[in-house]
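# Coordinate inspection notes
Spelled out, the chains give:
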Amino acid sequence: MITTILLSVGIVFLAELGDKSQLMALTFALRYRWWVVLGAIATATATVHLISVGVGYFLGAALPTRAIALVAAITFLAVGLWTLREHFGGDDAHDADPKPPRTNTAPYFVVLSAFLLAELGDRTMFATAALATDNSWIGVWIGSTIGMVVADALAIAVGILVGKHLPEHVIGIGSGLLFLYFGTASLLAAAIPGIGVLTGGAFAILAPAVAGAALLIRARLAHRTELVPDRPAAEPAEEMH
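These numbers were taken from a predicted model, which means no experiment stands behind them. (Residues numbered from 1 in each chain as written. Predicted model: local features only at pLDDT ≥ 70, side-chain atom pairs only at ≥ 80, totals over all residues. Heavy atoms only, no water.)

As a further point, take the overall build of the chain. Across its full length, the chain holds twelve helices and zero strands. Each helix and strand of the chain, placed in order from N terminus to C terminus, yields the pattern α-α-α-α-α-α-α-α-α-α-α-α. At a minimum sequence separation of 6, the contacts of the chain that also span at least 24 residues come to 90%. With the model as given, the accessible surface of the chain reaches about 13,900 Å², and the carbon-plus-sulfur share is 71%. (Helix = DSSP H or I, 4+ residues; strand = E, 2+ residues; numbered from the N terminus. Contact = heavy atoms within 4.5 Å. Areas by Shrake-Rupley, 256 points an atom, 1.4 Å probe, with all protein chains shown as cover.)

Another point: the nonpolar core. If you look at the biggest cluster of nonpolar residues, it comprises 23 residues, and the most contacted ones within it are Met24, Phe28, Val37, Ile41, Phe76, Val111 and Phe115. Contributions of two or more residues to this core are made by α2 (20-31), α3 (34-55), α5 (65-86), α7 (105-119), α9 (137-163) and α10 (168-191). No other element matches α7, which puts five residues into this core. The contact partners of Phe28, leaving out residues within four places of it in the chain, are Val37, Val110, Val111, Ala114, Phe115 and Phe179. (Core = buried A, V, L, I, M, F, W, Y, C linked by side-chain atoms within 4.5 Å. Buried < 20%, exposed > 50% of the residue type's maximum accessible area, 1.4 Å probe, protein only.)

Inspection of the secondary structure assignment puts Arg31 in helix α2. Exposure remark for Arg31: the relative accessible area of 14% places this residue in the buried category. Among the polar contacts listed, one links the side chain of Arg31 to the side chain of Tyr32, at a separation of 3.4 Å. (Polar contact = N/O pair within 3.5 Å; in protein donor to acceptor, adjacent residues only side chain to side chain.)

On to the packing of aromatic side chains, then. Considering all chains together, one arrives at seven aromatic pairs under this definition. Between the aromatic rings of Phe28 and Phe115, the centroid separation amounts to 6.2 Å while the plane-to-plane angle is 40°, which identifies the pairing as tilted. Taken together, the residues span a long stretch of sequence, with Phe28 in helix α2 and Phe115 in helix α7 at a distance of 87 residues. Taking the relative accessible area as the measure of exposure, Phe28 reaches 1% and is therefore buried. Ring geometry for Tyr108 versus Phe109: centroids 5.5 Å apart, planes at 85°, classification edge-to-face. Take Tyr108: its relative accessible area is 24%, and that puts it in the partly exposed class. (Phe/Tyr/Trp six-rings, centres within 6.5 Å; stacked < 30°, edge-to-face > 60°.)

A word on the side chain of His49. Summarising the element assignment, His49 is placed in helix α3. For His49, a relative accessible area of 1% puts it in the buried group. If sequence neighbours within four positions are ignored, His49 has contacts with Val12, Thr124, Thr128, Trp141, Ser144, Thr145 and Met148.

Let us look at the packing of helix α1 (residues 2-16) against helix α8 (residues 123-134). Where α1 contacts α8, the two axes come as close as 10 Å, and the packing angle between them is 160°. Classed by the angle they form, the pair α1 and α8 counts as roughly antiparallel. Viewed along their axes, α1 and α8 form a crossing whose handedness is right-handed. Residues Leu7, Ser8, Ile11, Val12, Ala15 and Glu16 of α1 pack against Arg123, Thr124, Thr128 and Leu131 of α8. Here the residues of the contact of α1 with α8 sort into five nonpolar, three polar and two charged. (Axes fitted to C-alpha atoms, helices over the stretch in contact; angles between N-to-C directions. Parallel < 35°, antiparallel > 145°, perpendicular 65-115°, else oblique. Left-handed = near helix turned anticlockwise from the far one by under 90°. Nonpolar A, V, L, I, M, F, W, Y, C, P; charged D, E, K, R; others polar.)

Attention now goes to a nonpolar patch on the surface. Taken together, Met1, Leu50, Trp137, Ile138, Ile142, Ile146 and Val150 make up a surface patch of nonpolar side chains, about 590 Å² in accessible area. Ranked by residues supplied to the nonpolar patch, first place goes to α9 with five residues. In this structure, Met1 sits in the segment before α1. On the basis of relative accessible area, Met1 is assigned to the exposed category, the value being 51%. (Patch = residues over 30% accessible without salt bridge, like charges linked within 9 Å, V, L, I, M, F, W, Y side chains within 5 Å. Salt bridge = Lys/Arg side-chain N within 4 Å of Asp/Glu carboxyl O.)

If you want it as structure tokens, here you go:
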């Protein structure tokens with residue numbers, strides 16, 4: 001049992017290094033409280049890996065992975081647009097308005113649903129199912145869950161360190177652009193299965209690049225409008241005698 005757990009921890013941890021789930025964890029950590037993000041990731045991971053080890057490879061192969069990827073892509077794009085909409089104004093506008101107290105319930109379900117959709121049909125799920133065919137499914141489930149949570153916890157720690165040195169407005173825009181990238185990359189992978197990772201990633205950069213350029217142009221136009229003084233109304237010309 002202990003050997004199976006350690007084997008699963010090592011395989012899943014190495015598989016998750018540099019994976020999109022780490023980038024997602026980092027992005028969520030920039031926006032939400034770290035324990036909310038980690039708790040949602042742990043719940044989603046335990047659920048997905050329980051499915052993979054409980055039912056095995058055949059259920060994984062039968063899952064509509066393309067449809068799940070499309071739903072995940074739409075979810076990421078919606079979260080990205082929603083985040084950018086919240087931070088589309090200038091810093092002064094956001095500083096002037098009082099901010100309502102943040103709750104943990106909605107972010108928890110946002111992170112939970114995003115990771116459930118992202119991990120269903122992912123390579124980690126199939127690796128976990130393959131390990132469960134020759135090892136104890138309980139050990140594989142525990143080890144794979146721990147391995148993924150630890151890998152994503154490292155990304156969350158990086159997000160916390162970065163978040164301490166950046167304004168909330170910048171963090172919001174950056175996380176929104178990252179979600180646009182995740183959504184576009186997932187959409188391209190689902191719509192064009194034969195596209196390579198590098199090619200898909202290169203094309204996916206276009207979405208946040210266009211959105212970022214639009215934000216920059218809008219911010220500069222707003223800044224120029226503030227700098228232009230209001231012209232006084234023209235006085236009526238004196239009558240010629």
